[in-house]
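Structure at a glance
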Amino acid sequence: MPQGKGDARDSLRIVDHPAGVDVTGDLDRVVRCSTANLDTRPVMPDADLVLVIDDEPQIRRAVRDALRDVTARVDEAANGMTGVDAASNARPDLVVLDLGLPDMAGVDVCREIRQKSAVPIIVLSARHSEHEKVDLLNAGADDYVTKPFSVLELAARAKAQIRRAKTLAAATTSGGPVTIGSLVIDTVARKVSRNGTQLHLTPIEWQILSTLLASAGRTLTHQQIFDAVWGRQFGSPQQYLRVHITNLRRKIEPDPAAPQIIITEPGVGYRAELSR
Amino acid sequence: MMQARDVIDQVHVILVYLLLVLGASTSGERLLAITLSVLGFMSTAYFFQPPYGSIADGKPLDFVALVAFLATAIVATHLLTRAQTEAREAEARAVEIQSLAKLGSETLSAGRAADALARIAEVIQTTLGMSECSIMSWDEASGFRAYAGASAGHADSDDMLLGVLERAAPAWVRASGEIVSGPSGEHDAAALSQGEPIQKIVIPLTVQGRVVGVLRLSNLSPVQLDLAKRRFLDAISYYAALAVDRVRLVAEAEHAEALREADRLKDIVLASVSHDLRTPLTTIKALAQSEALQGNRSAAAIEEQADRLTRLVSDLLDLSRLKGGGFAATPELNTAEDLVGAAVRQTRGLFGDRPVRAIIDLDSPALVGYFDFAQSLRIIVNLLENAARYSPPAQPIELSAMREGDMLVFSVADRGPGVDEGDAAHIFEPFYRARSAAPDTGRAGLGLSIAKTLAEMQGGTVKYARRPGGGSIFSLLLPATEVGVEALEQSA
């Protein structure tokens, strides 16, 4: 099945399944194909493509509805295998992956997609476990939403991930100063100023900040930040990361008691937020 | 006789008599054998030893030999009869041991432990020839329970058989650990041991010093229990005690197994509740919210109720974790500021316009502690939600962090009505809801009990205090620690 990205009528596309897919699942898809075609809203030819990997047809539908304001182009895959294939073949702009697929562990799906593609991955999970989040983020997932999710939250995160992926390339090559509110960060000159006043960061604080900024909008696990700042050979002082972050916040955050630039993902890691 | 005296030597005569005596003693008759010995001695002395015709006159030397003959005969008789008695006893004991061993193996391998008790009662009854025998097990929970052997001849009704006094006897025996026996069952421990005829007897059954039940025997007329039977009773009552104990252990094991099964089932149900309810809830919430965003008010109500169901489901899961020890905390080095910041961020917008005012001393070095960040955040968010729920909308909520001794103290202060004296002692119990609380908050009432459990797992606690000037202060205490400047610089 040809899957050109510019097909304007392709408001809902079905990803090819390997042999042996159950008939009821396909039937369900056929029915919803017809309802999807009734959706008369215009679809932009270059609209972003989102791939939803979920074995529950109802949740796929809910996700598609939730992303109504993000994009109208949604691919669906009912299991991990098809999902991994579609992620590399259809070249989506975002993958929404539900855990608890019948054929593959979520961590493995993340890892396999990440081997072939840098597409942002948002994970949906019924469990609220920090360990699971850490494992998924370390395996290459970019964000994490707990079921039952808020439509607005999922849409916001989807938008943020798509935008981040698109601007990442441009931002890393330009190397220009980053402005967050009254804060100006010059990544080349390694200088940070607020309202024109130069701030003094220790080398480690600077490294932490630039690591977070390089992946702005993406949650980095404690381990990922630590590896980037100290390198793998260090073992012990990982725990001091949190103290350094607190000190860094006192310097750059307008209100360190309510951080808005470096966000804590409880039990998981930190994320730099630029969109203000 | 005169002729024979010349032909037969005195020694031959003695040997013939000795044979007769030994023959008599093998027959088991000690009296006959001794009589024969004495007769033999006297006739040999009289007839075969010169001067003939008298027993002891003028026979100094040979008489000694005759006396030796008499002594030999008597001793031999004694030894033989004793050996025979012992052989008979040994045989009886062998039979006894054999029957006990058989009974032991039978009872301990009986399919149901209760069957084994009935079987033992039956064996005791037939062996001792009593008309009725029953074994009564006893435990705290269910009191006495009787296991009767086959009763010979009477209706098997305890109440008909036993008078008031006798019905009390088992309890007395159990409590005292002493035997009750006698013609009618009154306390008379001596009657049994003295071998007097008895009609009723109640014996305590003891395992490792614990009385696990009693053995009750009765007969229509008084019977005398000889030593062998008393010994048998002694041995078999030990088996009976073991069997009673086994009945108890089997029942306990079955009960524990049933509990385990129920617990396992509960876990499975809760796990599937978690997964199976969340999937439809996700769909309902997402679709309803999408509709609600288009202005559909019914959809907004559906979404609200889906949220409420979700909270109840997670409360249920928390309850199962609370009981099953499913909560885990991994304390790590964290800063108080980070925790306060995360709590402020997580609750932003949840309480309408009401601000959460964070109070932190930014001039001193950052406060550090050793705690589980995610679990501690749950606690603080829970305390903040409670404060928002129970205090007037216009009043701000304050969240402060400070160090007191070797603890970090996170305090959530509101200007609500506070907690009544009577409620204050119970607010940390699961499902407790203060009398003044809103009747329907859509929560199971687990928040504070879970908060406290989570805090205690990290070496901290949660406390309540009335706030001066009105309101409540809920405090989370967590272990504080220090980070040396050098250590921090070394890591930099």
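Residues numbered from 1 in each chain as written. Chains lettered and ligands numbered in written order. Predicted model: local features only at pLDDT ≥ 70, side-chain atom pairs only at ≥ 80, totals over all residues.

**Observations regarding the overall build of chain B**
Applicable threshold: Numbered from the N terminus, helices here are DSSP runs of H or I no shorter than four residues, and strands are runs of E no shorter than two. To sort residues by burial, count the other C-beta atoms lying within 10 Å of each one's C-beta; a count of 20 or more means buried, 12 or fewer means exposed, and anything in between means partly exposed. C-beta atoms are built from the backbone.
Across its full length, chain B carries 15 helices and twelve strands. Looking at chain B as a whole, 32% of its 492 residues qualify as buried.

**Considerations on the overall build of chain A**
What counts here: Whether two residues are in contact is decided by their C-beta atoms, placed from the backbone, lying within 7 Å.
The number of helices and strands found in chain A is nine helices and 13 strands. Looking at chain A residue by residue over its 276 residues, the buried ones come to 42%. Taking contacts inside chain A between residues at least 6 apart in sequence as the whole, the part at least 24 apart equals 62%.

**Here's the deal with the interface of chain B and chain A**
We count it as follows: For this classification, Asp, Glu, Lys and Arg are treated as charged, while Ala, Val, Leu, Ile, Met, Phe, Trp, Tyr, Cys and Pro are nonpolar and the rest, including Gly, are polar.
Contacts between chain B and chain A engage 38 residues on the former and 34 residues on the latter. When contributions to the side of chain B that touches chain A are tallied by element, the ones reaching two or more residues are helix H9 (227–293), helix H10 (297–324), strand E6 (332–335), helix H11 (336–347) and helix H12 (373–390) of chain B. It is H9(B) that provides the largest number of residues to the side of chain B that touches chain A, a total of 13 residues. Residue classes in the side of chain B that touches chain A are distributed as 20 nonpolar, twelve polar and six charged.

**Some details on the sheet that holds strand E11 (residues 220–221) of chain A**
Residues and elements named next belong to chain A. Short version of the rule: In this scheme, strands are said to pair when DSSP sees at least two bridges between them.
Across the sheet, which stays open at both edges, the three strands sit in the order E11-E13-E12 with antiparallel pairing between neighbours. Looking at strand neighbours, the two that pair on one side only are E11 and strand E12 (262–265), the edges of this open sheet. As defined by bridge partners, E12 adjoins strand E13 (residues 269–272) across four bridges and the pair is classed as antiparallel. In the strand pairing of E13, Thr 264 is matched with Tyr 270.

**Section: the sheet that holds strand E7 (residues 178–180) of chain A**
Residue and element names in this part refer to chain A. Here is the rule we go by: With axes taken as lines fitted to C-alpha atoms, and helix axes fitted only over the stretch in contact, angles between N-to-C directions fall between 0 and 180 degrees.
Strand order in this open sheet of four strands is E7-E8-E9-E10, and the pairing throughout is antiparallel. One side of each edge strand has no neighbouring strand; the edge strands of this open sheet are E7 and strand E10 (197–199). Taken over all neighbouring pairs, the strand axes of this sheet differ in orientation by 25 degrees on average, direction set aside. Alignment of strand E9 (residues 191–194) against E10, held across three bridges, turns out to be antiparallel. If you follow Arg 194 over to E10, its bridge partner there is Thr 197.

**Brief notes about helix H5 (residues 130–138) of chain A**
This is how the line gets drawn: Directions drawn from the helix axis to the C-beta atoms are what define this arc.
The complete set of buried residues in H5(A) reads A:Glu130, A:Lys133, A:Val134, A:Leu136 and A:Leu137. Buried residues of H5(A), seen end-on, are gathered within an arc of 165 degrees and therefore sit on one face of the element. Residues of H5(A) that are buried sit in contact with helix H4 (106–116), strand E5 (121–125), strand E6 (143–146), E11 and E13 of chain A together with H12 of chain B. Just past H5(A), the residue A:Gly140 takes up positive phi, approximately 120 degrees.

**Some points on the packing of helix H7 (residues 203–214) of chain A against helix H8 (residues 222–230) of chain A**
In a pair of packed helices, the angle between the axes and the distance between the axes together describe the arrangement. All names here are of chain A. We count it as follows: For classification purposes, angles smaller than 35 degrees are called roughly parallel, those larger than 145 roughly antiparallel, those between 65 and 115 roughly perpendicular, and all remaining angles oblique. Crossing handedness follows the turn of the near helix against the far one: under a right angle anticlockwise gives a left-handed crossing, and clockwise gives a right-handed one.
As a packed pair, H7 and H8 sit with axes 9 Å apart at the nearest point and diverge in direction by 125 degrees. With respect to each other, H7 and H8 are oriented oblique. The interaxial crossing formed by H7 with H8 has right-handed handedness. Along the contact surface, H7 presents Ile 204, Gln 207, Ile 208 and Thr 211, while H8 presents Ile 225, Ala 228 and Val 229.

**Some remarks on unusual backbone geometry**
Residue and element names in this part refer to chain A. Here the bond from Lys 147 into Pro 148 is cis, since omega is -5 degrees, no more than 30 degrees from zero. Within the element layout of this structure, Pro 148 appears in the loop between E6 and helix H6 (151–174). The backbone of Arg 190 shows a phi angle near 55 degrees, a positive value even though the residue is not glycine.

**Let's talk about the nonpolar core**
Residues and elements named next belong to chain B. Rule in force here: A set of buried Ala, Val, Leu, Ile, Met, Phe, Trp, Tyr and Cys residues, joined through C-beta atoms within 7 Å, is what we mean by a nonpolar core.
The biggest cluster of nonpolar side chains holds 66 residues, and the ones touching the most others in it are Ala 343, Ile 380 and Leu 384. Counting residues per element, this core draws most heavily on H12, which supplies ten residues. Beyond its immediate chain neighbours, meaning those up to four positions away, Ala 343 contacts Leu 377, Ile 380, Val 381, Leu 384 and Leu 399.

**Brief notes about the packing of H7(A) against helix H9 (residues 241–252) of chain A**
All names here are of chain A. Two elements in contact, H7 and H9, have axes whose closest approach is 10 Å; the angle formed by their N-to-C orientations is 90 degrees. Of the possible angle classes, the one that applies to H7 and H9 is roughly perpendicular. Contact with H7, carried on its side by Ile 204, Glu 205, Ile 208 and Leu 209, involves His 244, Ile 245, Asn 247 and Leu 248 of H9 and no other residues of that element.

**Digging into the environment of B:Ile302**
Residues and elements named next belong to chain B. Structurally, Ile 302 is set in helix H10. For Ile 302, a count of 18 C-beta atoms within 10 Å gives the class partly exposed. Between the C-alpha atoms of Ile 302 and Ala 288, which are 14 residues apart in sequence, the distance is 6.2 Å.

**Quick word on the confidence of the model for chain A**
All names here are of chain A. As a reminder of what qualifies: You can read pLDDT as the predictor saying how much it trusts each residue, on a scale of 0 to 100.
On average, residues of chain A carry a pLDDT of 79, and 77% of them reach 70 or more. Taking the mean pLDDT of every element in chain A, the minimum, 38, falls on helix H1 (residues 23–38) and the maximum, 94, on strand E4 (residues 94–98). Taken together, the stretch residues 1–41 has pLDDT below 50 and engages in 35 contacts with residues farther than four places along the chain or on a different chain.

**Observations regarding helix H2 (residues 57–66) of chain A**
Of all ten residues that make up H2(A), seven are buried, and the element is covered over most of its length. For H2(A), the complete set of buried residues consists of A:Ile59, A:Arg60, A:Arg61, A:Ala62, A:Val63, A:Arg64 and A:Ala66.

**Quick look at the environment of B:Leu281**
Within the secondary structure layout, B:Leu281 lies in helix H9. Beyond its immediate chain neighbours, meaning those up to four positions away, B:Leu281 contacts A:Pro148, B:Ala306, B:Leu309 and B:Thr310.

**Here's the deal with the pairing of E9(A)**
Residue and element names in this part refer to chain A. Sheet topology note: the strand E8 (residues 183–186)/E9 ladder contains four bridges and is antiparallel. Bridge pairing links Leu 183 to Arg 194 in E9. Connecting E9 to the next strand, E10, in antiparallel fashion are two residues, including Asn 195 with a positive phi near 50 degrees.

**Examining the confidence of the model for chain B**
Residues and elements named next belong to chain B. Scored by pLDDT, chain B comes out at a mean of 78, with 79% of its residues at no less than 70. Throughout residues 152–165 the model reports pLDDT below 50, and contacts reaching past four residues in sequence, or to other chains, amount to 14 contacts. A low-confidence stretch, residues 183–187 (pLDDT under 50), is modelled with 13 contacts involving residues beyond four sequence positions or located in other chains. Here the complex is predicted with pTM 0.61, and the ipTM for its interfaces comes to 0.75.

**A word on the pairing of strand E2 (residues 143–148) of chain B**
Residues and elements named next belong to chain B. Strand direction decides the pairing type here: strand E1 (residues 132–139) and E2, joined by six bridges, are antiparallel. Counterpart to Trp 138 in the pairing with E2 is Phe 144. Between E1 and E2, which pair antiparallel in sequence order, lie three residues.

**Here's the deal with the environment of B:Lys463**
Residue and element names in this part refer to chain B. Within the secondary structure layout, Lys 463 lies in strand E11 (residues 461–466). Classification of Lys 463 by C-beta neighbours within 10 Å gives partly exposed; the count is 15. Remark: the alpha-carbon pair of Lys 463 and Leu 477, spanning 14 residues in sequence, is separated by 7.9 Å. For Lys 463, the contacting residues outside a window of four places in its chain are Ser 475 and Leu 477.

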